[in-house]
Amino acid sequence: MTSHRPVHRVAIVGTGTIGASWATHYLVRGFDVTATDPAPTAETALRSYVAGAWDAAAAIGLAPGASPDRLGFTPDMRQAVADADFVQENAPERPELKVKLFADLDDATPPDSIIASSSSGITMSDIQVDCRHPERTVIGHPFNPPHVVPLVEVVGGTRTAPETIRDAMSFYAAIGKKPIHLKKELPGHVANRIQAALYREVVYLVQEGVLDVADSDDAVSWGPGLRWGVMGPHLLWHLGGGEGGIQHFMDTLMPRMVGFWEQLGTPEFTPELRDTIVSGVLKEADGHSVDELSARRDAMLAALLAVRAQHDLSGPPAATRTGPDAKEAT
């Protein structure tokens, strides 16, 4: 049986947008964080990101003793992970790079720590191929931005130990995340595939001239998107079935849904369609910068999470059970 150490020190490998967001989350949750990235301006950019994201992350769940001052940085990857209890890797999505990097991480990291990858499209079976200890490697794919959105997709490779999956799930849950266990590996995992399926139909409707870009966004965010922010589709169909619940929905309404499936379209992504979407989005943004829109998004997400914490029947992410002194998850 694989035994993993309790997590007190987290290493962040790769400090782009996802890595910086992960660093913010771990710091807010009370961990000592050491980050590493070979880019010459990486440390400055990382500290700037943490400072800008701190208030939004802290509003969701701030651990006693949490401080951005607990962030360390070194361009030396081996030094960054030498005493790490948990590694969150966020390097570019290039298979050959991930394979080499994980072999190096496996060699440099304490053997009883967990090495998790934020990879959005490469499977752990491919990544762990050259590791001497592949049993402690796992995908821990977040939903952007990780310091705000709780979802983490956890999936092992063919050589990942069940205990690693168990302990990664437990650790993520204990620090305010909402982990889900994928029992099979799929390119793109689950959430991105769901996004892609929805966006394919949205783009098709724009291409067909059914509605413009702004209205297509409103059709999602002011309709089903509002409900999906509260419950998932299966439970919502249970409510849609009325007194008969999901059984009535499946018996009487599902055949109509199947009929819709047969009518869904696949757009031809032409240069003209690309330009239509770009111009439509810029018009919808109405001069607001990406940073301004991101801040607005994060504020609304934080408010939604606060409401969910009060009403979610399944229990909110563990916002109060946070930090290395509040749990012994792994």
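Details of the structure are given in the entry above.
Note that the structure is a prediction, hence the values are computed from the model and not measured. (Residues numbered from 1 in each chain as written. Predicted model: local features only at pLDDT ≥ 70, side-chain atom pairs only at ≥ 80, totals over all residues. Heavy atoms only, no water.)

Novice: Please clarify how the packing of helix 1 (residues 17–28) against helix 2 (residues 42–60) should be interpreted in this entry.
Specialist: Think of two packed helices as two axes; the pair is described by the angle between the axes and how far apart they sit. For the pair helix 1 and helix 2, interaxial distance at closest approach is 9 Å and the crossing angle is 50°. Of the possible angle classes, the one that applies to helix 1 and helix 2 is oblique. Handedness of the helix 1/helix 2 crossing: right-handed. Between helix 1, through T17, A20, S21, A23, T24, L27 and V28, and helix 2, the contact on the second element is made entirely by L46, Y49, V50, A53, W54, A57 and A58. For the contact of helix 1 with helix 2, the class distribution of residues is eleven nonpolar, three polar and no charged. (Axes fitted to C-alpha atoms, helices over the stretch in contact; angles between N-to-C directions. Helix = DSSP H or I, 4+ residues; strand = E, 2+ residues; numbered from the N terminus. Parallel < 35°, antiparallel > 145°, perpendicular 65-115°, else oblique. Left-handed = near helix turned anticlockwise from the far one by under 90°. Contact = heavy atoms within 4.5 Å. Nonpolar A, V, L, I, M, F, W, Y, C, P; charged D, E, K, R; others polar.)

Novice: Even after reading the chapter, I still don't get helix 6 (residues 162–174), so can you show me in this structure?
Specialist: In an α-helix there are 3.6 residues to a turn, and that puts residues three or four apart on one side. Between the first and last C-alpha of helix 6 there are 18 Å, a value that for 13 residues agrees with the 18 Å anticipated at 1.5 Å per step. Within helix 6, burial applies to E163, T164, I165, D167, A168, F171, Y172 and A174. Summarising the contacts, the buried residues of helix 6 are in contact with helix 1, strand 4 (86–89), strand 5 (114–117), strand 6 (137–142), strand 7 (151–155) and strand 8 (178–181). Just past helix 6, the residue G176 takes up positive phi, approximately 90°. (Expected span 1.5 Å × (residues − 1). Buried < 20%, exposed > 50% of the residue type's maximum accessible area, 1.4 Å probe, protein only.)

Novice: Looking at this model, I keep getting lost on a negative patch on the surface. Mind explaining?
Specialist: A cluster of acidic side chains, namely D212, D215, D217, D218 and E284, defines a negative patch on the protein surface. The element best represented in the negative patch is helix 8 (residues 213–221), accounting for three residues. With respect to the element layout, D218 can be found in helix 8. (Patch = residues over 30% accessible without salt bridge, like charges linked within 9 Å, V, L, I, M, F, W, Y side chains within 5 Å. Areas by Shrake-Rupley, 256 points an atom, 1.4 Å probe, with all protein chains shown as cover. Salt bridge = Lys/Arg side-chain N within 4 Å of Asp/Glu carboxyl O. Lys, Arg positive; Asp, Glu negative; His and termini not counted. Charge placed at Lys NZ, Arg CZ, Asp CG, Glu CD.)

Novice: What am I meant to see in the side chain of T160 here?
Specialist: Structurally, the position occupied by T160 is in the loop between strand 7 and helix 6. By relative accessible area, T160 is classed as buried at 11%. Engagement of the side chain of T160 in a polar contact is seen with the side chain of Q128, the distance being 3.1 Å. Of note is the side chain of T160, whose polar atom sits 2.8 Å from the backbone nitrogen of G157. Not counting residues within four places of it along the chain, the set of residues in contact with T160 comprises M124, Q128, P134, E135, T137, V138 and I165. (Polar contact = N/O pair within 3.5 Å; in protein donor to acceptor, adjacent residues only side chain to side chain.)

Novice: In this structure, what is going on with the nonpolar core? I would like to understand it.
Specialist: Within soluble globular proteins, side chains that are nonpolar tend to cluster in buried spots. In terms of nonpolar packing, the biggest core is built from 33 residues, with Y26, V33 and Y172 touching the most fellow members. Among the elements of the structure, strand 1 (9–13), helix 1, strand 2 (32–36), helix 2, strand 3 (71–73), strand 5, strand 7 and helix 6 are those that each provide at least two residues to this core. Ranked by size, the runner-up nonpolar core spans 20 residues in total, among them V81, L101, F102 and C131. (Core = buried A, V, L, I, M, F, W, Y, C linked by side-chain atoms within 4.5 Å.)

Novice: Sorry, what's going on with the sheet that holds strand 6 here?
Specialist: Strand pairing in a sheet is mediated by backbone hydrogen bonds. Such pairs are either parallel or antiparallel. The eight strands are arranged 3-2-1-4-5-6-7-8 in an open sheet whose pairing can be described as mixed. The open sheet terminates on both sides in strands that have one partner only, identified here as strand 3 and strand 8. Going across the sheet, the axis of each strand differs from the next one's by a mean of 25°, ignoring polarity. In this sheet, strand 2 lies alongside strand 1 in parallel orientation, the contact comprising five bridges. In the strand pairing of strand 2, V13 is matched with T36. (Pairing = 2+ DSSP bridges.)

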